[in-house]
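Secondary and tertiary structure notes
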Amino acid sequence: MRFGLKLENKKEYFNGSYKKFVDLIGIENTKLVFEEFKGQQISFPLELYTKQYIYEQIYSEFNGANYKQLARKYGYSERTIRRILKDLRG
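Residues numbered from 1 in each chain as written. Predicted model: local features only at pLDDT ≥ 70, side-chain atom pairs only at ≥ 80, totals over all residues. Heavy atoms only, no water.

Side note on the packing of aromatic side chains
We count it as follows: Between rings of Phe, Tyr and Trp, where Trp is taken as its six-membered ring, a pair exists when centres lie within 6.5 Å; planes separated by under 30 degrees are stacked, by over 60 edge-to-face, and by other angles tilted. Note on conventions: DSSP H or I runs of at least 4 residues are helices, E runs of at least 2 residues are strands, and numbering of each starts at the N terminus. Throughout this description, buried means an accessible area under 20% of the type-specific maximum (1.4 Å probe, protein chains only), exposed means over 50%, and partly exposed covers the range between. For a Lys NZ or an Arg CZ to count as sitting over a ring, it must be within 6 Å of the ring centre and within 35 degrees of the ring normal.
Evaluation of the coordinates by the stated rule reveals 5 aromatic pairs. Consider the rings of Y18 and F34, whose centres lie 5.6 Å apart with planes at 80 degrees: the pair is edge-to-face. Note that Y18 is positioned in helix α1 (residues 18-25) and F34 in helix α2 (residues 27-37), a separation of 16 residues in sequence. Owing to a relative accessible area of 34%, F34 belongs among the partly exposed residues under this scheme. Here a set of aromatic residues connected by ring pairs shows up, and it is made of Y18, F21 and F34. Across the ring face of Y67, the terminal group of R82 is positioned such that the distance to the ring centre comes to 3.7 Å.

What about the layout of surface pockets?
Counted only if it meets this: Cavities and pockets are defined on a 1 Å grid built over the protein atoms alone: a cavity is a set of grid points where a 1.4 Å probe fits but cannot escape, while a pocket is an open set with protein on both sides within 12 Å along at least five of seven lines, and lining residues are those with an atom within 4 Å of any such point. Grid points are joined across faces, edges and corners, and a volume is the space filled by probe spheres set on the points. The residue classification treats Ala, Val, Leu, Ile, Met, Phe, Trp, Tyr, Cys and Pro as nonpolar and Asp, Glu, Lys and Arg as charged. All others, Gly included, are polar.
Considered as a void within the structure, the second largest pocket measures approximately 260 Å³ in volume. Forming the boundary of the second largest pocket are S17, Y18, F21, V33, F34, F37, G39, Q40, Q41, I42 and F44. With 3 residues, α2 is the single largest residue contributor to the lining of the second largest pocket. Of the residues belonging to the lining of the second largest pocket, the class tally is 7 nonpolar, 4 polar and no charged.

A look at the packing of helix α3 (residues 51-61) against helix α5 (residues 78-89)
In plain terms, the rule: Under this scheme, a helix contributes an axis fitted over its contacting stretch, all axes are lines through C-alpha atoms, and angles between N-to-C directions fall in the 0 to 180 degree range. Angular relationships are summarised with four words: roughly parallel below 35 degrees, roughly antiparallel beyond 145, roughly perpendicular across 65 to 115, and oblique for the angles in between. Contacts are assigned to residue pairs with any non-hydrogen atoms lying within 4.5 Å of each other.
Put simply, α3 and α5 touch, their axes get as near as 10 Å, and they point 90 degrees apart. Here α3 is positioned roughly perpendicular relative to α5, judged by the angle of their axes. Counted together, Q52, Y55, E56, I58 and Y59 of α3 and I81, R83, I84, L85, L88 and R89 of α5 form the full contact between these two elements. Residues belonging to the contact of α3 with α5 are distributed by class as follows: 7 nonpolar, 1 polar and 3 charged.

Observations concerning the nonpolar core
Put simply, the test is: Remark: nonpolar core denotes a set of buried residues (Ala, Val, Leu, Ile, Met, Phe, Trp, Tyr, Cys) joined through side-chain atoms within 4.5 Å.
Core analysis: the largest hydrophobic core is formed by 11 residues, namely I54, Y55, I58, F62, Y67, L70, A71, Y74, I81, I84 and L85. Every element with two or more residues in this core is listed here: α3, α4 (67-74) and α5. Considering every element that reaches this core, the biggest residue donor is α4, with 4 residues. In contact with I81, not counting residues within four places along its chain, are I58, Y67, L70, A71 and Y76.

Thoughts on the pattern of salt bridges
This is how the line gets drawn: Here, a salt bridge means any Lys or Arg side-chain nitrogen found within 4 Å of an Asp or Glu carboxyl oxygen.
Applying the stated rule across the entire model yields 5 salt bridges. Across the pair E35 and K38 runs a salt bridge, and its minimum N-O distance is 3.2 Å. Classification of K38 as partly exposed rests on a relative accessible area of 43%.

Structure follows, in structure tokens:
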């Protein structure tokens, strides 16, 4: 409550980007995000997962010949897939 008012939980009452959060994760989770980060400037990295994790996934899925499939799946060139695998093999 703010100023002694009981605030309604309707999407249209949420400010700016919080409306999109409501669409994505719901009202209660949006409130949790707000409480955790209010007042802060946040920028989200373009990549969700760490490079190390992605590289390990590529390594674990490599069958000796599937460079092209891995490149397509992970959005890298075949050359980059070969380099990643070479680096991981040591």
